[in-house]
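# Structural overview
Okay, here's what each chain looks like letter by letter:
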Amino acid sequence: MIKLTSIALLAGCLVGCTYTAQPTQASAQQTSQREMTKQIELAVEKNDYRLLALANRRLVFPGLEQEDTAKLKKMCGVRYVDKSPDIIKSIEEKQKRRDAYAFAKSFNQAMLKHCLNVASDSKHAVE
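What you are looking at is a predicted structure, and each value in this text was computed from that prediction instead of being measured.

Definitions and limits used
- Residues numbered from 1 in each chain as written.
- Predicted model: local features only at pLDDT ≥ 70, side-chain atom pairs only at ≥ 80, totals over all residues.
- Heavy atoms only, no water.
- Disulfide = S-S within 2.5 Å.
- Helix = DSSP H or I, 4+ residues; strand = E, 2+ residues; numbered from the N terminus.
- Buried < 20%, exposed > 50% of the residue type's maximum accessible area, 1.4 Å probe, protein only.
- pLDDT = per-residue confidence, 0-100.
- Contact = heavy atoms within 4.5 Å.
- Core = buried A, V, L, I, M, F, W, Y, C linked by side-chain atoms within 4.5 Å.
- Salt bridge = Lys/Arg side-chain N within 4 Å of Asp/Glu carboxyl O.

Before going further, it helps to spend a moment on the state of the cysteines. Overall, the coordinates contain one disulfide when judged by the stated rule. Shown here is the disulfide that connects Cys76 with Cys115, its sulfur atoms set 1.9 Å apart. Between Cys76 and Cys115, the S-S dihedral sits near -105 degrees, and the bridge is therefore left-handed. Taken as a pair, Cys76 in helix H2 (residues 69-76) and Cys115 in helix H3 (residues 91-126) lie far apart in primary sequence, 39 residues in all. Comparing Cys76 with Cys115 shows no difference in burial state: the two are buried.

Confidence in the prediction of the protein, expressed as mean pLDDT, is 76, and 68% of residues score 70 or more. Considering each helix and strand of the protein separately, the mean pLDDT is smallest for helix H1 (residues 2-45), with a value of 61, and largest for strand E1 (residues 51-53), with 93. The low-confidence segment residues 3-11, where pLDDT is below 50, has zero contacts with residues more than four positions distant or belonging to other chains. In the predicted structure, residues 13-24 sits below a pLDDT of 50 and forms zero contacts with residues beyond four places in sequence or in another chain.

A word on the nonpolar core. Nonpolar side chains tend to gather and get buried jointly when the protein is soluble and globular. Ranked by size, the top nonpolar core spans 22 residues in total, and within it Leu51, Phe61, Phe107 and Met111 carry the most contacts. When residues of this core are traced back to their parent elements, those giving at least two are H1, E1, H2 and H3. Broken down by element, the residue count for this core peaks at seven residues, all from H3. Once residues lying within four places of it in the same chain are set aside, the contact partners of Phe61 are Leu51, Leu52, Ala53, Thr69, Leu72, Lys73, Gly77, Val78 and Asn108.

Before going further, it helps to examine the pattern of salt bridges. Under the counting rule described, the total for this entry stands at one salt bridge. Salt-bridge contacts for Arg50 lead to Asp48; the nearest nitrogen and oxygen are separated by 2.8 Å. According to the relative accessible area criterion, Arg50 is partly exposed, its value standing at 33%. In this structure Asp48 comes out as buried when scored by relative accessible area, which is 17%.

Here it is in structure tokens:
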């Protein structure tokens, strides 16, 4: 009976811990979203439409892998994400890489719209 009570108490505690961890994750995502929006606004103010790329053996724009990277590089420019190593040695580095990829993906998808608008406007100005 005591063992059963202990197991029930432990299970209840674990469920409570899991429940409280979810708002923290959502809060971190909201903070990341706000930071991304802020960085895009600052870049657009400076007419900096460069897309984020991770340091890899080849050029990769997270979130835009299906696009022509050479064309994007020429049209928008490239800004490499700092401290994004190609070789991952620990779980912490793997998580940092995953977070950097997610941030760059959201950033690139939003920034591409600005870049294309500017490219379209300048193309019309030339014609």
